[in-house]
Amino acid sequence: MKKILLIATGGTIASTTGKSGLSPTLSAEELLKYVPEIREFCKTDCVQPFNIDSTNITPAHWLTLANLICDNYDKYDGFVICHGTDTMAYTAAALSYLIQNSKKPVALTGAQKPIDKEDTDARVNLRDAFSYAASEKAAQVTIVFHGKIIAGTRAKKIRTKSFNAFESVDFPVLGTVREGKVLQYIDPPESVRNAEKPRFFHRLDGKVGLCCLTPGFSGKVLNAYFENYDAVVLSGYGTGGIPDGENYDLYRVIERWKGKGKTLVVTTQVQSEGSDMNIYRVGRDFKERFSILESFDMTWESVITKLMWILSETRDEAEIRRLFYTPVNYDLIR
C-alpha cells in the first residue's frame, strides 16, 4: 500500500453553513471520515497548514505548500491537496513551477458542494484523487476533478456551480478515474522519468499583474500597472491584437517601461486555441516593434505564475525569455 499525505487547505469541500454562508471549518481528519474506503487501498497521514476560502489564497500560501511537500517528499509516495475551486488552477500552476520533474504525484482536488451534503461531489473527488495518487504512473502536479486528471498548468475553472467545473485547455486530459480505476492516457514525459530527483524552488515574485484590454482602454491604466508590477500580462483581442490608434496611447507607455527593464507578455482573452500575433497587422507590427513575450497556448494561470517563478530567479532579459519558452508540465506547445 502506498503512503499518501493529505494536505487540507480549506475550500468548499471543507465548508459548513453558518449565518454568513459557507466557510471552511472541517479538518483533514474529518474529511477522511466521510470517505473511509480510502484507507482500504492506501496509508494516509494528514496535515493542515491553513484553512481558508481559496479566494484568499496568495503566493505566500503556494510557497508554504511547496515547502511542506519538499520537507516531506522522501516520507511519502504521493500527495493530495484539498483546495477551494476558485483559485485551484492558479495553485496547480504555481506548484508546477515550484515543484518540477517530480516522479511522485501532487494531486489537487476539491468540490462544488461541501462534503457533508448528501448531493455533494466531494466524496467522489476525494476518493478519485487518492486513487490517482496511489496509482503506478502518477507523477507531477495535477488536478483530479469530476473524473478527469488534468495537468497542473492546463486546468481552468469554466463553470461556477456545475460538478464538471474544470477543463483542460488546449491539451488532452492525462487520464480519467472511473469508479476508483485509473485510466492513464499520457505517461509522464521523459524529462520526469529520467530525473534523479525533483527540483524545488522556494521563491516567487508576486509583482506580476494581468491587464485586460477593453475598447477605449486608457494608456494611463497600463502605465499604472507598470508602475506597480515587475511584469505585466496584457490580454489582447483574438489572436493577440493590440490597438495602435491615437485614442489608446499604448505604444508610448510600453516603450517607456520596456526601456526601464519591465517584462511584458501578450496573451489573448479567448480561452481556447491561444495567441498568434503574426496573423494580423495589429499583432505583427506590435511584436516587431517591441521585444515582448507571447503566451501562445498557455493559460492565464500558467503565464502569471510562471513569470512569478522566473522573475524570482533572474532579471536577465535573455534568460527570462529562455525560461518562459521552456515547457514545464505540458504548459506550452509551440
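Everything below is about the structure printed above this text.
Read on for an overview of the structure. (Residues numbered from 1 in each chain as written. Predicted model: local features only at pLDDT ≥ 70, side-chain atom pairs only at ≥ 80, totals over all residues. Heavy atoms only, no water.)

### What to know about empty space enclosed by the protein
Following the criterion strictly, the structure yields one cavity of 30 Å³ or more and no others. Lining the largest cavity we find Tyr 132, Lys 137, Ala 139, Gln 140, Leu 174, Gln 184, Ile 186, Asp 187, Pro 188, Asn 329 and Tyr 330. Residues that form the lining of the largest cavity fall into these classes: six nonpolar, three polar and two charged. (1 Å grid on protein atoms, 1.4 Å probe; cavity = no way out; pocket = protein on both sides within 12 Å on 5 of 7 lines; lining within 4 Å. Points joined across faces, edges and corners; volume = space filled by probe spheres on them. Nonpolar A, V, L, I, M, F, W, Y, C, P; charged D, E, K, R; others polar.)

### Re the packing of helix H7 (residues 219–228) against helix H8 (residues 250–258)
Two numbers describe how H7 lies on H8: the axes approach to 9 Å, and their chain directions differ by 15°. Overall, the two elements H7 and H8 adopt an arrangement that is roughly parallel. As H7 runs across H8, the sense of the crossing is right-handed. Touching Gly 219, Leu 222, Asn 223, Phe 226 and Glu 227 of H7 are Leu 250, Val 253, Ile 254, Arg 256 and Trp 257, all from H8. (Axes fitted to C-alpha atoms, helices over the stretch in contact; angles between N-to-C directions. Helix = DSSP H or I, 4+ residues; strand = E, 2+ residues; numbered from the N terminus. Parallel < 35°, antiparallel > 145°, perpendicular 65-115°, else oblique. Left-handed = near helix turned anticlockwise from the far one by under 90°. Contact = heavy atoms within 4.5 Å.)

### Describing the sheet that holds strand E18 (residues 293–294)
Pairing in this open sheet of four strands is parallel, and the strands run E15-E16-E17-E18 from one edge to the other. Looking along the sheet, the strands with just one partner apiece sit at the ends: strand E15 (208–212) and E18. With two bridges connecting them, strand E17 (residues 263–268) and E18 associate as parallel partners. By the bridge assignment for E18, Val 266 is matched with Glu 294. (Pairing = 2+ DSSP bridges.)

### Concerning the nonpolar core
One finds Ile 69, Leu 95, Leu 98, Leu 108, Phe 166 and Phe 324 to be the most contacted residues of the largest nonpolar core, which totals 55 residues. Non-local contacts of Leu 98, meaning those with residues more than four positions away in its chain, are made with Trp 62, Leu 63, Ala 66, Arg 199, Phe 200, Phe 201, Arg 203 and Leu 204. Leu 26, Val 35, Leu 126 and Ala 133 belong to the second largest nonpolar core, which has 32 residues in total. (Core = buried A, V, L, I, M, F, W, Y, C linked by side-chain atoms within 4.5 Å. Buried < 20%, exposed > 50% of the residue type's maximum accessible area, 1.4 Å probe, protein only.)

### Some thoughts on the pairing of strand E1 (residues 2–8)
By the criterion of burial, E1 is predominantly enclosed, with five of the seven residues buried. Inspection of the sheet shows E1 paired to strand E4 (residues 42–47) by six bridges, in the parallel sense. Looking across to E4, one finds that Lys 3 is bridged to Lys 43. Relative to strand E5 (residues 78–82), E1 runs parallel, the two sharing five bridges. Bridge pairing in E5 places Ile 4 opposite Gly 78.

### Points about the pattern of salt bridges
Here the structure, examined in full by the defined rule, presents 20 salt bridges. For Lys 3, the salt bridge goes to Asp 45, with nearest N and O atoms at 3.8 Å. On the criterion of sequence distance, the pair formed by Lys 3 in strand E1 and Asp 45 in strand E4 is long-range, its members being 42 residues apart. Given the relative accessible area of 28%, Asp 45 is considered partly exposed. Where Asp 86 meets Lys 157, a salt bridge forms, and the shortest distance between an N and an O atom there is 3.0 Å. Pair noted here: Asp 86 is in the loop between E5 and helix H4 (88–98) and Lys 157 is in strand E10 (residues 155–157), with a separation of 71 residues, a long-range link. For Lys 157, a relative accessible area of 22% corresponds to the partly exposed category. The network of salt bridges with shared partners includes Lys 148, Arg 159 and Glu 167. (Salt bridge = Lys/Arg side-chain N within 4 Å of Asp/Glu carboxyl O.)

### Some points on the sheet that holds E4
In spatial order, the strands read E4-E1-E5-E7-E8-E9-E12-E13; together these eight strands make up an open sheet with mixed pairing. Two strands lie at the open edges of the sheet, namely E4 and strand E13 (181–184), each paired on one side alone. If you compare each strand with its neighbour and ignore which way they point, the axes differ by 25° on average. The sheet contact formed by strand E12 (residues 175–178) and E13 spans four bridges and is antiparallel. When the bridges of E13 are listed, Val 177 appears paired with Val 182. In the packing of helix H3 (residues 59–72) onto the sheet, the strands contacted are E1, E4, E5 and strand E7 (105–109), and the crossing angle to E1 comes to about 155°. The strands that H4 touches are E5, E7 and strand E8 (140–145); relative to E8, the one it contacts most, it runs at about 160°.

### Here we look at the packing of H8 against helix H9 (residues 281–289)
In contact at an axis separation of 12 Å, H8 and H9 are set at 25° when each is read in the N-to-C sense. Judged on the interaxial angle alone, H9 and H8 are roughly parallel. Once H8 is placed against H9, the crossing between them reads as right-handed. On H9, the residues that touch Tyr 251, Ile 254 and Glu 255 of H8 are Val 282, Asp 285, Phe 286 and Arg 289.

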